[in-house]
Every structure is written in structure tokens, then in C-alpha cells.
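Here are the chains, one letter per residue:
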Amino acid sequence: MRRGGESFLAEIVSTSFADTSGQWRMVAYVTDITKRKRFEDELLRSLRQQEELNELKSTFVQMVSHEFRTPLAGIMGSAELLKKYMERLSPERRDEHLDTILSGVQRMVFMMEEILALGAMDSGQTNFSPSPVDLVAMCRAIQDQLHSIFPGQRIQLDFRDIPTCAMLDESLLHHILTNLLSNALKYSPATSPVHFSIFNTTKELCFRVTDFGIGIPESDRGRLFEAFFRGSNASHIQGTGIGMMIVKRCLDLHNGTIQIQSKPNQGSTFTVTIPLSQCIAEEKS
């Protein structure tokens, strides 16, 4: 204990000896090792973090490799059939193979954009840069993009008295909406449309995505925004496990929130809210 009464970590080294009178005595050397122990703890923490990071990198590489393999296989298969049997295929069959190629390419582009976004966030290169955004045009463009990635599935849009132009970060908002909508399509039956609505409250701009798919088990919801986490009922469905983490990070930069309502095998509803003071709504549509 120091003079002021403060406890500290100490290392004690003692030795005994006989003095000139033949009596045995002991000498103890006390060293304050508080700083050293703190450094050791920080070093161990860094090593653990590095091990966890290496595990995450390994998991990420495996997931990405698997996710790219599926659309690549479809692209290669359709391209080979078109090359060998172009003249024999009916126009309808040709269109089917071209759609498969287009869908696969779009899917790979989407995954690459998410991976690049995650890399930029992890390196601290993502900033909140609001600019005027035409919400209706943006949402229709996202709808068209996802319809090409998920042919046969549909997104139903509903705009309720929303600002035609709002100050938002279009890139971040694009990541939020495409991830929520692509998840809804991915985890829903092909025959079931996904509902996407935008509306105002007195203080907030809201985006709501509702599907009627497999839902999220309650035990999984606490980990939904963790890197590479996949729901316990989603192992048979392709995915990288980074989309919801990107949604959360992009939403934090908007000072927004997200609420989740879900029941297994009945579907999910995700409601994103962004303060109107953040987006400075202009004229109404």
C-alpha cells in the first residue's frame, strides 16, 4: 500500500543472510508492477482481439467464396448452353438463360458493393454526407434492381405523404434499404410479395419493410446485427451475414433507429426511423 493508502500490485523478492554476529536476517525488495501488469493485460487483450479478427477473416473468406460460387455456376452454365445450342434454343429459352446470367451478375455486384462498404466502415472511411435525395425515384430504382436479382418476386411500394426531396446520405440509405428488402425477398416464398412503405410521423421519416417469410426466432434477435451471424432457421438459405450489421452502422450515422417485429414462419416487419430534423424535409408529394 502506498503512503496515501492506495493499494498497488507489487513484486517481492526476498533473500536471507547471516550477519557478522551470526544472526539470520532477511532483505525484501518490493517493486511496483502496476504499469507492467496493465501493459501485460493490454497485450493479452490485443492478442485475443487479433485471434478473433483472424477467425472472423477466415469465416468471411469462406462465406464470400461460397456466395460467389453459386451465381458463378449459374452464369457459366447458362453461357455454355447459349454457346453450344444458341441456334437450337427457342427465343423463350434464350431469354431464360440471359436472365440467369443477368441475375447472377447483379447478385455478384450487390455482394461486392456490400463487401466494399464494410471495408470502408471498418477503416473509418465512411462519413455522413447528406444531399438532396428524391426518395420516390430512389426507391423505384432499388425496386427495379432487386426485381432483376430476384426474378419472379415482387416489391409493392406504398408512399404516404412523403417529402419528394429530403437531405439524406443517399449511399448509406441505399445500403439500408437494399439490405432490408433483399433479405425480405430472400427469406420469403416466391409467391409472396414484400411490402415496402414510406411515411411520416410528426417527428420522423419512416421506412417499413414487411415480408411473410420464415421469420426470426426470438433467441436470434439479440445477435441480429453481429458480423457474419446467420439465424438458426436460415442455414439453408444463402447469405454472408454482414447485411444487417451494415444496416445498423449506416443507420447510426443518420441518428436513426430500427424496430423488429417477427414470428417464425409468419414473417417479419422492420421499421426504420430517421428524425425529420436530420433529413430536413422539403415539399410534399
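In case you missed it, the structure is sitting above this.
Note that the structure is predicted; figures quoted are calculated from it, not measured.

S.K.: Got a sec to walk through a nonpolar patch on the surface? Specific residues and values, please.
M.R.: Nonpolar side chains collect at one region of the surface, where F39, L43, L44 and L47 lie side by side and expose about 390 Å² of accessible area between them. You can see L47 is positioned in helix α1 (residues 34–85).

S.K.: So what about the packing of helix α3 (residues 135–149) against helix α4 (residues 170–186)? Which residues, and what values?
M.R.: Close contact between α3 and α4 brings their axes to 10 Å; oriented N to C, the two are set at 40 degrees. With respect to their mutual orientation, α3 and α4 come out oblique. α4 is crossed by α3, and the crossing has right-handed handedness. Side by side, α3 and α4 meet where L135, M138, C139, I142, Q145 and L146 of the first sit next to E170, L173, H174, L177, T178, L181, S182 and L185 of the second. Across the contact of α3 with α4, the residue classes tally to 9 nonpolar, 4 polar and 1 charged.

S.K.: Before we move on, can you summarise the pairing of strand β1 (residues 10–18) with the specific residues and values?
M.R.: Here β1 pairs with strand β2 (residues 24–32) via 9 bridges, running antiparallel. When the bridges of β2 are listed, E11 appears paired with T31. Where β1 folds back on β2, the antiparallel hairpin that results is connected by 5 residues, among which G22 adopts a positive phi of roughly 90 degrees.

Conventions and cut-offs
Residues numbered from 1 in each chain as written. Predicted model: local features only at pLDDT ≥ 70, side-chain atom pairs only at ≥ 80, totals over all residues. Heavy atoms only, no water. Patch = residues over 30% accessible without salt bridge, like charges linked within 9 Å, V, L, I, M, F, W, Y side chains within 5 Å. Areas by Shrake-Rupley, 256 points an atom, 1.4 Å probe, with all protein chains shown as cover. Salt bridge = Lys/Arg side-chain N within 4 Å of Asp/Glu carboxyl O. Helix = DSSP H or I, 4+ residues; strand = E, 2+ residues; numbered from the N terminus. Axes fitted to C-alpha atoms, helices over the stretch in contact; angles between N-to-C directions. Parallel < 35°, antiparallel > 145°, perpendicular 65-115°, else oblique. Left-handed = near helix turned anticlockwise from the far one by under 90°. Contact = heavy atoms within 4.5 Å. Nonpolar A, V, L, I, M, F, W, Y, C, P; charged D, E, K, R; others polar. Pairing = 2+ DSSP bridges.

Taken by themselves, the reported measurements are silent on function.
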